[in-house]
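# Coordinates in review
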Amino acid sequence: MTWDVLNVIGTLAFAISGAIVAMEEDYDLLGVMILGLATAFGGGIIRNILIEVPMTTLWQQDILIKVTVLLIFIVFIIPETWIHFTRAWLNFFDAIGLATFAVQGAMYASVAGHSLAAVIMAAVMTGTGGGIVRDLLAGRKPTVLRYDIYAVWAIIAGVFIGLEITNDPWELYLLSAVLIFLRMCSAKYRWKLPHRYLQTF
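Everything quoted here is computed from the prediction, not taken from an experiment.

Procedures and definitions
- Residues numbered from 1 in each chain as written.
- Predicted model: local features only at pLDDT ≥ 70, side-chain atom pairs only at ≥ 80, totals over all residues.
- Heavy atoms only, no water.
- Helix = DSSP H or I, 4+ residues; strand = E, 2+ residues; numbered from the N terminus.
- Rg over C-alpha atoms; globule rule 2.2 N^0.38 Å.
- Areas by Shrake-Rupley, 256 points an atom, 1.4 Å probe, with all protein chains shown as cover.
- Core = buried A, V, L, I, M, F, W, Y, C linked by side-chain atoms within 4.5 Å.
- Buried < 20%, exposed > 50% of the residue type's maximum accessible area, 1.4 Å probe, protein only.
- Contact = heavy atoms within 4.5 Å.
- 1 Å grid on protein atoms, 1.4 Å probe; cavity = no way out; pocket = protein on both sides within 12 Å on 5 of 7 lines; lining within 4 Å.
- Points joined across faces, edges and corners; volume = space filled by probe spheres on them.
- Nonpolar A, V, L, I, M, F, W, Y, C, P; charged D, E, K, R; others polar.
- Expected span 1.5 Å × (residues − 1).
- Polar contact = N/O pair within 3.5 Å; in protein donor to acceptor, adjacent residues only side chain to side chain.

This part takes up the overall build of the protein chain. Of the regular secondary structure elements, the protein chain holds nine helices and zero strands. Traced from its N-terminal end to its C-terminal end, the protein chain shows the element sequence α-α-α-α-α-α-α-α-α. Over its C-alpha trace the protein chain gives a radius of gyration of 16 Å, about what one expects of a compact globule, namely 17 Å for 201 residues. Overall, the C-alpha framework of the protein chain stretches about 50 × 45 × 35 Å when taken along its three principal axes. Carbon and sulfur atoms provide 68% of the accessible area of the protein chain, an area that totals close to 10,700 Å².

General note: in soluble globular proteins, nonpolar side chains tend to be found buried as a group. In this structure, V103, M107, I161 and L179 are the most contacted members of the largest nonpolar core, which totals 30 residues. When residues of this core are traced back to their parent elements, those giving at least two are α1 (2–24), α6 (87–111), α7 (116–137), α8 (151–162) and α9 (169–188). Contacts of I161, omitting those with residues within four sequence positions, involve V103, A106, M107, S110, T166, L172 and L175. Within the second largest apolar cluster, 19 residues are counted, among which are M33, I72, V75 and L90.

Our next topic: empty space enclosed by the protein. With a probe scaled to a water molecule rolled over the atoms, the places where space remains empty come into view. By the definition in use, this model includes one cavity of 30 Å³ or more. Lining the largest cavity, in full, are T128, G131, I132, R134, D135, T143, V144 and Y150. For the lining of the largest cavity, a count of residues per class yields three nonpolar, three polar and two charged.

With that settled, the discussion passes to α9. In a regular helix each residue adds 1.5 Å, so 20 residues correspond to 28 Å; α9 covers 29 Å between its end C-alpha atoms and thus fits that length. Residues of α9 that are buried include every one of E171, L172, L175, S176, L179, I180, R183, C185, S186 and A187, and no others. In the segment just after α9, R190 is the residue with positive phi, at about 55°.

This part is about the environment of D28. With respect to the element layout, D28 can be found in the loop between α1 and α2 (29–50). In this structure, the C-alpha to C-alpha distance between D28 and F76, residues 48 residues apart in sequence, is 9.5 Å. From its side chain, D28 meets the backbone nitrogen of L30 in a polar contact 3.2 Å long.

These figures capture arrangement, not role.
Structure, rendered in structure tokens:
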């Protein structure tokens, strides 16, 4: 049940995020649909490939795919003033997708009996994969590859679940909420990891 709830929340949040980015880049309706769906399901597809989950599991989410398409269309047609297309809103939906998918991906790998390293990798790729796909398709530098703190929160989810620090549903929901809060703080206050820029000669 917890897996399903987090999967739905993460999928819909990333769908909104993808749709907003597509409209910021002036994509047409089809482009918005494609980018929204790619963002929503990209992380799960990458995770499935990594931990050898049959790709047919994606098509078993028929209802969720239809709901996602409907949500993207709603985001496309409602007035801009209703949803306030600002960076804060994009960060908010992105944070929800990151946190819930990271926790869900880690749970998926943990239940499958994979090692701690695999659980962390599943958390990172599920939590960030959709955002990477979205940014690449939109012609942007992927957030996770820049100095902005992003994948760190997915790693934390993998560690907590891989070490079985969080097991109960309420603990998993709390972990997701904390990660959303931390991601929003890192975006607002511009927390950064060490980085180094090399000039080309």
